[in-house]
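Reading the structure
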Amino acid sequence: MALESESQKKSCCVFGDVYGVILVPEELDIEKDASIDQFRFQLPDLKQAFQVNAIQMKETVEENTSTTERVFQDRQYQVDAAIVRIMKTRKVLSHTLLITELFQQLKFPIKPADLKKRIESLIDKEYLERDKNNPQIYNYLA
C-alpha cells in the first residue's frame, strides 16, 4: 500500500517481517523495533468495526423489493427451462405435481404465484397447453 500524502507518511509506523508490512497509527505509541506480537493487543477490536459497517449497510424496504424483483427476472429463464424439462419428460402433468417437481428441482426459493406466472407465459408461448377436459392438467406441446 502506497502512502500518498505526507500526513499519511508521518502518522504511520511501518513494521515488517516475512509475512508482510503492517501500518500502525503513531497514536498507539509502539516502538519502532517492536515485534508484531507486542502491539497486536493494542489494535482496536475488528469485530466492532464490522458491526458498525453492517448497521450502516442495511437495505431499505424499497431497495429490498427492487432487488428481489431483479433477481426473479434473472432467474425466470431458469424456471422456464425447468418447467419445459419436466413437461418434456412427463408429457402430461397436473398443476400440483408440476409445482412440487419444480420445488424439488429449483435450488433457490420461489413463490408459487411466480411459478404460476411462468407457466402462464409458457402457455402463451405455446410450449404448454391446458387440458380441454380438466384445466388443472397441462400438456406438453413439442
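Residues numbered from 1 in each chain as written. Predicted model: local features only at pLDDT ≥ 70, side-chain atom pairs only at ≥ 80, totals over all residues. Heavy atoms only, no water.

Let's talk about the nonpolar core
The biggest cluster of nonpolar side chains holds 20 residues, and the ones touching the most others in it are Ile83, Met87, Leu98, Leu102, Leu106, Ile119 and Leu128. At the level of secondary structure, the elements contributing two or more residues to this core comprise helix H4 (61-90), helix H5 (95-105), helix H6 (112-124) and strand E5 (137-140). Examining the composition of this core, we find that 6 residues originate from one element, H4, more than from any other. Once residues lying within four places of it in the same chain are set aside, the contact partners of Met87 are Val92, Leu93, Leu98, Leu128, Tyr138, Asn139 and Tyr140. (Core = buried A, V, L, I, M, F, W, Y, C linked by side-chain atoms within 4.5 Å. Buried < 20%, exposed > 50% of the residue type's maximum accessible area, 1.4 Å probe, protein only. Helix = DSSP H or I, 4+ residues; strand = E, 2+ residues; numbered from the N terminus. Contact = heavy atoms within 4.5 Å.)

Thoughts on the packing of H5 against H6
Their axes nearest at 11 Å, the elements H5 and H6 cross at an angle of 115 degrees. Comparing the axis directions of H5 and H6 gives the class roughly perpendicular. Considering how the two elements wind past one another, H5 and H6 form a crossing that is right-handed. Taking contact as the criterion, the partners of His95, Leu98, Ile99, Leu102 and Phe103 in H5 are, on H6, Pro112, Leu115 and Ile119. (Axes fitted to C-alpha atoms, helices over the stretch in contact; angles between N-to-C directions. Parallel < 35°, antiparallel > 145°, perpendicular 65-115°, else oblique. Left-handed = near helix turned anticlockwise from the far one by under 90°.)

What about H4?
Residues three or four positions apart in an α-helix share a direction because the helix packs 3.6 residues into each turn. The end-to-end C-alpha distance of H4, which contains 30 residues, comes to 41 Å, matching closely the 44 Å that a straight helix rising 1.5 Å per residue would cover. Where H4 bends most, the angle comes to about 40 degrees, and this point is Arg75. Along H4, the residues that are buried comprise Gln76, Val79, Asp80, Ala82, Ile83, Val84, Ile86 and Met87. In this structure, the buried residues of H4 make contact with strand E3 (92-94), H5, H6, strand E4 (128-130) and E5. (Expected span 1.5 Å × (residues − 1). Bend = angle between axes of the 7 residues up to and from the residue.)

Focus on the sheet that holds E4
Read across the sheet, 3 strands follow the order E3-E5-E4 without closing on themselves; strand pairing throughout is antiparallel. One side of each edge strand has no neighbouring strand; the edge strands of this open sheet are E3 and E4. The average angle at which neighbouring strand axes cross in this sheet is 30 degrees, direction not considered. Here E3 pairs with E5 via 3 bridges, running antiparallel. Residue Ser94 lies in a different strand from E5, and its bridge partner there is Ile137. (Pairing = 2+ DSSP bridges.)

Overview of the pattern of salt bridges
Enumeration over the complete set of coordinates arrives at 3 salt bridges. A salt bridge links Arg90 to Glu101; the shortest N-O distance between them is 3.4 Å. Of this pair, Arg90 sits in helix H4 while Glu101 sits in helix H5, placing them 11 residues apart in sequence. Take Glu101: its relative accessible area is 18%, and that puts it in the buried class. (Salt bridge = Lys/Arg side-chain N within 4 Å of Asp/Glu carboxyl O.)

Considering the side chain of His95
With respect to the helices and strands, the residue His95 is situated in helix H5. Residues in contact with His95, not counting those within four places in the same chain, are Ile119, Gln136 and Tyr138.

A closer look at the packing of H4 against H6
At a minimum axis distance of 10 Å, the contact between H4 and H6 shows a crossing angle of 65 degrees. In the packing of H4 onto H6, the handedness of the crossing is right-handed. On H6, the residues touching Phe72, Gln76, Val79, Asp80, Ile83 and Val84 of H4 are Asp114, Leu115, Arg118, Ile119, Ser121 and Leu122. Each residue belonging to the contact of H4 with H6 can be placed in one class, and the counts come to 7 nonpolar, 2 polar and 3 charged. (Nonpolar A, V, L, I, M, F, W, Y, C, P; charged D, E, K, R; others polar.)

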